[in-house]
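Below are the chains, spelled out letter by letter.
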Amino acid sequence: MAVFTEVSRDEAAALMQRLGLGQLVAMAGCAGGIENTNYFVSTLRDGTRHEWVLTLFERLTHAQLPFYLYLMQHLAAKGIPVPDPQADGDGAILHTVRGKPAAVVNRLRGASVLDPGPQHCAQVGAMLARMHLAARDYPRQQPNLRGLAWWNETVPVVLPYLQPEQAELLRDELAYQNALAGTDAYRRLPAGPVHADLFRDNVMFEDGRLSGVFDFYFAGCDTWLFDLGVALNDWCIDLASGHDDPERVAALLQAYESVRPLQADETALLPALRRAAALRFWISRLWDWYLPRQASVLKPHDPTHFERVLRARRQEVAA
Ligand SMILES: Nc1ncnc2c1ncn2[C@@H]1O[C@H](COP(=O)(O)OP(=O)(O)OP(=O)(O)O)[C@@H](O)[C@H]1O
Ligand SMILES: N[C@@H](CCO)C(=O)O
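Definitions and cut-offs
Residues numbered from 1 in each chain as written. Chains lettered and ligands numbered in written order. Predicted model: local features only at pLDDT ≥ 70, side-chain atom pairs only at ≥ 80, totals over all residues. Heavy atoms only, no water. UniProt positions renumbered as here; feature names shortened; annotations may be inferred. Near = heavy atom within 4 Å. Polar contact = N/O pair within 3.5 Å; in protein donor to acceptor, adjacent residues only side chain to side chain. Areas by Shrake-Rupley, 256 points an atom, 1.4 Å probe, with all protein chains shown as cover. Nonpolar A, V, L, I, M, F, W, Y, C, P; charged D, E, K, R; others polar. Patch = residues over 30% accessible without salt bridge, like charges linked within 9 Å, V, L, I, M, F, W, Y side chains within 5 Å. Salt bridge = Lys/Arg side-chain N within 4 Å of Asp/Glu carboxyl O. Helix = DSSP H or I, 4+ residues; strand = E, 2+ residues; numbered from the N terminus. Buried < 20%, exposed > 50% of the residue type's maximum accessible area, 1.4 Å probe, protein only. Pairing = 2+ DSSP bridges. Core = buried A, V, L, I, M, F, W, Y, C linked by side-chain atoms within 4.5 Å. Domains from an automatic or database assignment. Contact = heavy atoms within 4.5 Å. Buried area = accessible area lost by both parts, 1.4 Å probe.

- Going by what an unreviewed UniProt entry lists, the chain is known as Homoserine kinase and is assigned to Tepidimonas aquatica.
- Quoted verbatim from the Pathway (unreviewed entry) heading of the UniProt record, the comment on the chain is "Amino-acid biosynthesis; L-threonine biosynthesis; L-threonine from L-aspartate: step 4/5."
- We quote the UniProt Catalytic activity (unreviewed entry) comment for the chain here in full: "L-homoserine + ATP = O-phospho-L-homoserine + ADP + H(+)".

Right, here's the structure in full:
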């Protein structure tokens, strides 16, 4: 159960009232998730039942959160099915509960599809392109806090825990990505606010249709191609081996390009950015695994999965 901070029913009811969301009728801690405390909360307003998610942020600060919450509000206003943070009478969408930053968003309908087929991947590809375009005029700036600078800081911290051949791979890939970031072709890549964590467990489907995208708390400004790499590396691979499923890759890419065709530079750099995306999650998983933060990471994800994904991406580039 991902409840790191207990919230009483009275506290939650008071917040719901303050936001004008009605009277609290049910509340339950939400299983799943490794970063934040989440409660599902039901309210009655004008005789109708409404479903919400109350999140207490365990890691992110009051200063970092506006970028994510206003991005969600911006995308929701443009018809992208993302959680819409609810405002109080003063228009504030970042609240405080038990001394922690907190937000209340609408609960998305549907459930995650953990074994996706080409039809699911196509819908994810089209939605990702729509999100990129919809966020183009989002005015706030925040770098991807899990980007190149963080990789350079964190790799030396995790290297001592690795076997020599793993350390060699990590150093080599980081050097490759540092060199890539210095090229003109990389600097020309279109960029903007990106989700940066669009995995299977962050998308909902209802009756086979994509019904929502959530968990924007790793979003930041980065290349659109990096975001595409993150999604391809999770939605379109065989999880056991890390290798691509060509049918799902084609479905996701074609659907993305039906909304926003890739530029020639982007097509050329996609394999390199897929490597970058694999490296990003290998590093974060190593960091969570070997340097767990107190009361935060409940069950760290297996880092060796992304070591395999990275090796598979490098083999494909070499092939
Ligand atoms: N707006 C929402 N609508 C419906 N369900 C939600 C919503 N937000 C969160 N959930 C549910 O709560 C679970 C945990 O949420 P979330 O993934 O955001 O937590 P987290 O702690 O940030 O996790 P992680 O970083 O591991 O993805 C999700 O798997 C999902 O089932
Ligand atoms: N999607 C990340 C977890 C952070 O949301 C991972 O699988 O490592």
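### Thoughts on the site of ligand 2
1) Next: Every residue near ligand 2 is listed here: D197, F199, F218, F281, R285 and H301.
2) Next: Between ligand 2 and D197, the relevant distance is 2.6 Å, taken from an oxygen atom to a side-chain nitrogen or oxygen of the residue.
3) Next: R285 is positioned with one of its side-chain polar atoms (N or O) 2.7 Å from an oxygen atom of ligand 2.
4) Next: Relative to its free-state accessible area of 260 Å², ligand 2 is covered by the protein chains to the extent of 88%.
5) Next: Residue composition of the shell around ligand 2, by class: three nonpolar, one polar and two charged.

### What to know about a nonpolar patch on the surface
1) Next: A cluster of nonpolar residues, Y161, W289 and Y290, forms a patch on the protein surface that exposes about 300 Å² of accessible area.
2) Next: Along the chain, Y290 falls in helix α9 (residues 264–290).

### Here we look at the pattern of salt bridges
1) Next: Considering all chains together, one arrives at 18 salt bridges under this definition.
2) Next: Linking R248 and D245 is a salt bridge whose minimum nitrogen-to-oxygen distance equals 2.7 Å.
3) Next: Residue R248 is classed as buried on the basis of its relative accessible area of 11%.
4) Next: Across the salt bridge formed by E266 and R260, the nearest N and O atoms sit 2.8 Å from each other.
5) Next: Accessibility expressed as a relative area gives 0% for E266, which makes it buried.
6) Next: Since its relative accessible area comes to 7%, R260 is described here as buried.

### Overview of the pairing of strand β8 (residues 209–213)
1) Next: Burial analysis of β8 places four of its five residues in the buried class, the great majority of the element.
2) Next: Across four bridges, the pairing between strand β7 (residues 203–206) and β8 is antiparallel. Note on β8: the bridge partner recorded for E206 is R209.
3) Next: Linkage of β7 to β8, two consecutive antiparallel strands, is achieved through a turn of two residues, within which D207 is found at a positive phi near 50°.

### Topic: the nonpolar core
1) Next: L170, L228 and W235 are the most contacted members of the largest nonpolar core, which has 83 residues in total.
2) Next: Two domains each provide a minimum of three residues to this core, namely domain 1 (9–106) and domain 2 (118–318).
3) Next: Apart from the residues lying within four places of it in its own chain, the contact partners of L228 are L128, L252, L253, Y256, L262 and L270.
4) Next: In terms of nonpolar packing, the next biggest core, distinct from the first, is built from 17 residues, V3, M27, Y39 and V41 among them.

### Focus on the domain arrangement of the chain
1) Next: Annotation of the chain at the domain level lists domain 1 (9–106) and domain 2 (118–318).
2) Next: Look at where the C-alpha atoms of domain 1 and domain 2 centre, and you get two points 27 Å apart.
3) Next: Contact residues are listed per partner, giving 23 residues for domain 1 and 30 residues for domain 2.
4) Next: Carbon and sulfur atoms make up 64% of the area that domain 1 and domain 2 hide from each other, which totals about 2,400 Å².
5) Next: Ionic pairing is found between D137 and K78, a salt bridge with its closest N-O pair at 2.8 Å.
6) Next: There are eight residue pairs in polar contact (both at pLDDT 80 or more) connecting domain 1 and domain 2.

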